[in-house]
Amino acid sequence: VQLQASGGGLVQAGGSLRLSCAASERTFSSYFVGWFRQAPGKEREFVAAMGWSRSRPYYADSVKGRFTISRDTAENTVYLQMISLRTEDTAVYYCAFARSYSGRYYLPNEYDYWGQGTLVTVSS
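For the structure given in this document, a descriptive report is provided here. (Residues numbered from 1 in each chain as written. Predicted model: local features only at pLDDT ≥ 70, side-chain atom pairs only at ≥ 80, totals over all residues. Heavy atoms only, no water.)

**Remarks on the side chain of D89**
Here is step 1: Position of D89 relative to the elements: it lies in the loop between β8 (77-82) and β9 (91-98).
Here is step 2: Assessed through its relative accessible area of 0%, D89 is described here as buried.
Here is step 3: In terms of polar contacts, D89 uses its side chain to reach the side chain of R66, at 2.7 Å.
Here is step 4: Ignoring anything within four residues of it in the chain, the contact list for D89 reads R37, R66, F67, S84, V120 and V122. (Helix = DSSP H or I, 4+ residues; strand = E, 2+ residues; numbered from the N terminus. Buried < 20%, exposed > 50% of the residue type's maximum accessible area, 1.4 Å probe, protein only. Polar contact = N/O pair within 3.5 Å; in protein donor to acceptor, adjacent residues only side chain to side chain. Contact = heavy atoms within 4.5 Å.)

**A short note on the packing of aromatic side chains**
Here is step 1: Considering all chains together, one arrives at 13 aromatic pairs under this definition.
Here is step 2: Connected via pairs of aromatic rings, a cluster forms that spans F32, F36, F46, Y58, Y94, Y101, Y105, Y106, Y111 and W114.
Here is step 3: The aromatic ring of Y94 is capped on one face by R44, whose charged end is 3.8 Å from the ring centroid.
Here is step 4: It is R44 that lies over the ring of W114; its NZ or CZ is 4.8 Å from the centre. (Phe/Tyr/Trp six-rings, centres within 6.5 Å; stacked < 30°, edge-to-face > 60°. Lys NZ or Arg CZ within 6 Å of the ring centre and 35° of its normal.)

Here's what the structure looks like:
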């Protein structure tokens, strides 16, 4: 599975962006999908995740109430809607798919496929 992330850009603090992650082939109900981000000089960190067929999403505390993960099963696409962006949200954002759900959705090494990353820059 190849993942193509898009939607990043430059936005002022308080603004919004929607990231997309399109999968190259059909994904299965057992898949788990997530978004991670990596700021300069920092480790990759969990942002949000959800099961392809599950309804409950998971979020990092730092983005709860501001970010929303969703998916379009017909389009094999995962989205990350981001509002009320802050300068500390500046990072390269990566989408990732796991073939199955391990419960450890917050760990990067639980995911099997990764997109190339899309840069989000939030200016003050």
